[in-house]
Amino acid sequence: MEAQSPVFREGPFSLQAGFVLGRYLAETNPLNRSTRALGPYAEAGRALLSHSESLSLSPWPGAALRAENRFRGFYYTTRNPNGEHERQIEWATSASLRQSLGGFSLEAGYARSVQEGETPFRFDALPQRRSHQATLALGFQERPLSLSLKAGRNLEEERYLPLEAQVLLQDQGYSLTVGHKRGLEGEGPLETRLEAGFTPYPLSLKASLRFDHQKALFDPLLLQAGYALPGGSLNLTHRHDLNGKGALTTDLTYALREGVTAYTLQGRRDWEVDTLALQGQAILGPETLSLRATLDPKALGYALGYRFGAVPGPLLDLELSGRYQEGFRATNLRLGLTQALPEVGFRLNANLHLPEVEDKDIYLKDATFSGGMELWKPVPADEAGEGAIPGLSLSGSLTYTRRPQTPEGYGLALRSFGPTLTFLGRENTKLHLAALLTQNLPGEPLKPRFILVLDRCCWAMRFTLDAAKGSVGLAFLYGGQAAGLLLSEEGVKLGGGR
């Protein structure tokens, strides 16, 4: 059950509240010791109460006052070892007062954030953390120059926050930022960063660098260049280490779209491991071509892909992959065929081994079929009671795996795989007969599960004979379209008694 109020506004003040009450069966929280004894899943009730308030006003000329409070409380029916009901909260409060006078500004801020408590469920667990601080900032802005100075106090740990200073020079087409952070508890300089940008359209250039004073190390120098194209873009990024390693990575990205046609290309040069990686794609209406390649000092790895079609299908996927290392190696052709229509819904995947240096043969490594298809519809008898033709459908999952180390040389895994015959009678009567296999072949005797369903419009009966389990089941359902709970469009599904 869920209830939420509309946003209530009264001048500069706003308020909103919500309430959610429910009972959940979900994965337990492994960090909660009192919940571990319940196992991997547990069921419990939970009430979630939330509310938020905000205030924004200008008490006098040049002043801006803002305040915000957000709260979420989770309350559970489970108990901790002390016998108390478990709960957790998320509570954040912030307020700031800013005064501007010409180009100068002074701002005082306060913020408190708490996340604590325990939950029996993993899906809504919050990390434990607590923050409480007050800040004071001084700024000056006179285009294109902007200066800021910020300091504060950590009220939770009773220590001063680092002093942060920043100089920004920004105008149309360029920007330059210099920032410095210094500790006020005897740490000395902490970090210095520099960012520069030059953007004469359609060209853009950026550079950024950071120096860690305590470690006496530079972060990688980041250089970026971009060019805006009609309907696309071209970007180049380079990372360079200034601590003696030299070049790290260089990335190139190209994208272009014209109507239903689109092209993308991504390339990366990793200077540390001496590799070059390329990835490209061309979308040509219903057809898609793709390329992946990796070049290192030892070999060239590649994957060429082709896709045709769109959902609901049929959707064809082909991929040729392998690597070239003194000849072709690990060469495979992967085939994927998917369709999601009501009459025919299936997925077929196959992997064909092609000739390579160590194995010149061509053979099927593995293949998987899953889904269902109606081969033909049933035809009822005519007025003379002749000409009836049963319908035939195929459903389930079948997996073929090549196993040259076994005497048979292959393995088949069947999961509810088999045919279903459908007979149409008079007075909207239907008879379904299915023979399904769930086992591994060869090596195991056939033990099918036979299912007989009689659908008489207002009631249905299902008889099941399972040779693998040595069991017999009988199920009755009453009501309109009763057999709909016993059948699916792809054959027979489980429902009722087994």
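Below, the structure is looked at part by part.

Procedures and definitions
- Residues numbered from 1 in each chain as written.
- Predicted model: local features only at pLDDT ≥ 70, side-chain atom pairs only at ≥ 80, totals over all residues.
- Heavy atoms only, no water.
- Helix = DSSP H or I, 4+ residues; strand = E, 2+ residues; numbered from the N terminus.
- Lys, Arg positive; Asp, Glu negative; His and termini not counted.
- Charge placed at Lys NZ, Arg CZ, Asp CG, Glu CD.
- Salt bridge = Lys/Arg side-chain N within 4 Å of Asp/Glu carboxyl O.
- Buried < 20%, exposed > 50% of the residue type's maximum accessible area, 1.4 Å probe, protein only.
- Contact = heavy atoms within 4.5 Å.
- 1 Å grid on protein atoms, 1.4 Å probe; cavity = no way out; pocket = protein on both sides within 12 Å on 5 of 7 lines; lining within 4 Å.
- Points joined across faces, edges and corners; volume = space filled by probe spheres on them.
- Nonpolar A, V, L, I, M, F, W, Y, C, P; charged D, E, K, R; others polar.
- Pairing = 2+ DSSP bridges.
- Phe/Tyr/Trp six-rings, centres within 6.5 Å; stacked < 30°, edge-to-face > 60°.
- Lys NZ or Arg CZ within 6 Å of the ring centre and 35° of its normal.
- Core = buried A, V, L, I, M, F, W, Y, C linked by side-chain atoms within 4.5 Å.

### Some words on the overall build of the chain
Item 1. Per the secondary structure count, the chain includes 1 helix and 33 strands.
Item 2. Dimensions of the chain, computed from the C-alpha atoms along their principal axes, are close to 100 × 70 × 45 Å.
Item 3. For the chain, the centre of its 52 positive side-chain charges and the centre of its 53 negative side-chain charges are spaced 3 Å apart.

### Description of the pattern of salt bridges
Two side chains carrying opposite charge are able to pair once their charged atoms lie near each other.
Item 1. This model, assessed by the stated rule, comprises 19 salt bridges.
Item 2. With a shortest N-O distance of 3.2 Å, Arg-23 and Glu-43 are connected by a salt bridge. Taken together, the positions of Arg-23 in strand S3 (residues 13-27) and Glu-43 in strand S4 (residues 41-57) put the pair 20 residues apart, joining distant regions of the chain.
Item 3. In this structure, the salt-bridge partner of Arg-143 is Asp-171, at a minimum N-O distance of 3.5 Å. Residue Arg-143 is located in the loop between strand S8 (129-142) and strand S9 (145-154), and its partner Asp-171 is located in strand S10 (residues 159-171); the two are separated by 28 residues in the primary sequence.
Item 4. Note on Arg-143: relative accessible area 65%, which makes it exposed.
Item 5. Of the residues examined, Asp-171 reaches a relative accessible area of 31% and is grouped as partly exposed.
Item 6. Each of the salt bridges in this network shares a partner with another, and the network as a whole consists of Glu-191, Arg-210, Asp-212 and Asp-219.

### Overview of the environment of Leu-437
Item 1. Relative to the helices and strands, Leu-437 resides in strand S28 (residues 430-441).
Item 2. Residue classification places Leu-437 among the buried residues on the basis of a relative accessible area of 15%.
Item 3. The residues contacting Leu-437, other than those within four sequence positions of it, are Leu-414, Arg-415, Ser-416, Phe-417, Leu-446, Lys-447 and Pro-448.

### Brief notes about the side chain of Thr-288
Item 1. Turning to its location among the elements, Thr-288 is positioned in strand S20 (residues 287-295).
Item 2. When sequence neighbours within four positions are dropped, the list of residues in contact with Thr-288 reads Gln-281, Ala-282, Ile-283, Gly-305, Tyr-306 and Arg-307.

### Some words on the layout of surface pockets
Item 1. Considering only enclosed or pocket space, the second largest pocket measures out at about 510 Å³ in volume.
Item 2. Lining the second largest pocket are 33 residues, and of these Ala-137, Leu-138, Ser-148, Leu-149 and Lys-150 lie nearest its centre.
Item 3. Contributing elements (two or more residues each) for the lining of the second largest pocket: strand S6 (85-101), strand S7 (104-117), S8, S9, S10, strand S11 (174-183) and strand S12 (188-198).
Item 4. Sort the elements by how many residues they give to the lining of the second largest pocket and S8 lands first, with 8 residues.
Item 5. Among the residues making up the lining of the second largest pocket, the classes are represented as 11 nonpolar, 15 polar and 7 charged.

### Here we look at the pairing of strand S19 (residues 275-284)
Item 1. Taken together, the 10 bridges between strand S18 (residues 261-270) and S19 define a ladder with antiparallel strand orientation. Across the sheet, residue Leu-265 finds its bridge partner in S19, namely Gly-280.
Item 2. Following S18, the chain reverses through 4 residues before pairing antiparallel with S19; Asp-274 in that reversal takes a positive phi of roughly 60°.
Item 3. The pairing of S19 with S20 spans 9 bridges and is classified as antiparallel. Within the sheet, the bridge partner assigned to Gly-280 lies in S20 and is Leu-291.
Item 4. Taking the residues that link successive antiparallel strands as the turn, the S19-S20 hairpin has 2 residues, and the phi of Gly-285 there is positive, at about 65°.

### With respect to the packing of aromatic side chains
Item 1. Enumeration over the complete set of coordinates arrives at 12 aromatic pairs.
Item 2. Their ring planes at 85° and their centres at 6.4 Å tell us that Phe-369 and Phe-417 sit as a pair that is edge-to-face. Of this pair, Phe-369 sits in strand S25 (residues 363-376) while Phe-417 sits in strand S27 (residues 410-424), and the two are 48 residues apart along the sequence.
Item 3. Take Phe-369: its relative accessible area is 13%, and that puts it in the buried class.
Item 4. Among the residues examined, Phe-417 registers a relative accessible area of 16% and is labelled buried.
Item 5. Note on Tyr-400 and Tyr-410: the rings are 6.2 Å apart at their centroids and 20° apart in plane angle, and the pair reads as stacked. Linking Tyr-400 in strand S26 (residues 391-402) with Tyr-410 in strand S27, this pair joins segments that are 10 residues apart in sequence.
Item 6. A residue is classified by how much of its surface remains accessible, and Tyr-410, at 31% relative accessible area, is partly exposed.
Item 7. Members of the aromatic cluster, joined through ring pairs, are Tyr-24, Tyr-76, Phe-121 and Phe-123.
Item 8. Across the ring face of Trp-271, the terminal group of Arg-269 is positioned such that the distance to the ring centre comes to 4.4 Å.

### Quick word on the nonpolar core
Item 1. The biggest cluster of nonpolar side chains holds 8 residues, and these are Val-20, Ala-26, Ala-44, Leu-48, Phe-74, Tyr-76, Phe-121 and Leu-126.
Item 2. Elements with a minimum of two residues in this core: S3, S4 and strand S5 (63-79).
Item 3. One finds Met-373, Leu-414, Leu-437 and Leu-441 within the second-largest nonpolar core, a separate group that totals 7 residues.

### Brief notes about unusual backbone geometry
Item 1. Here the amide bond leading from Tyr-201 into Pro-202 is cis, since omega sits at 10°, within 30 degrees of zero.
Item 2. Its location among the elements puts Pro-202 in the loop between S12 and strand S13 (203-212).
Item 3. Going from Leu-441 to Pro-442, the amide bond is cis rather than trans, its omega being -10°.
Item 4. Assignment of secondary structure puts Pro-442 in the loop between S28 and strand S29 (449-455).
Item 5. Look at Asp-274: it is not a glycine, yet its phi comes out positive at around 60°.
Item 6. In this fold, Asp-274 is placed in the loop between S18 and S19.
Item 7. Positive phi, close to 55°, is recorded for Glu-326, a residue that is not glycine.
Item 8. For Glu-326, the position within the fold is in the loop between strand S22 (315-324) and strand S23 (328-340).
Item 9. For Glu-326, a relative accessible area of 72% gives the class exposed.

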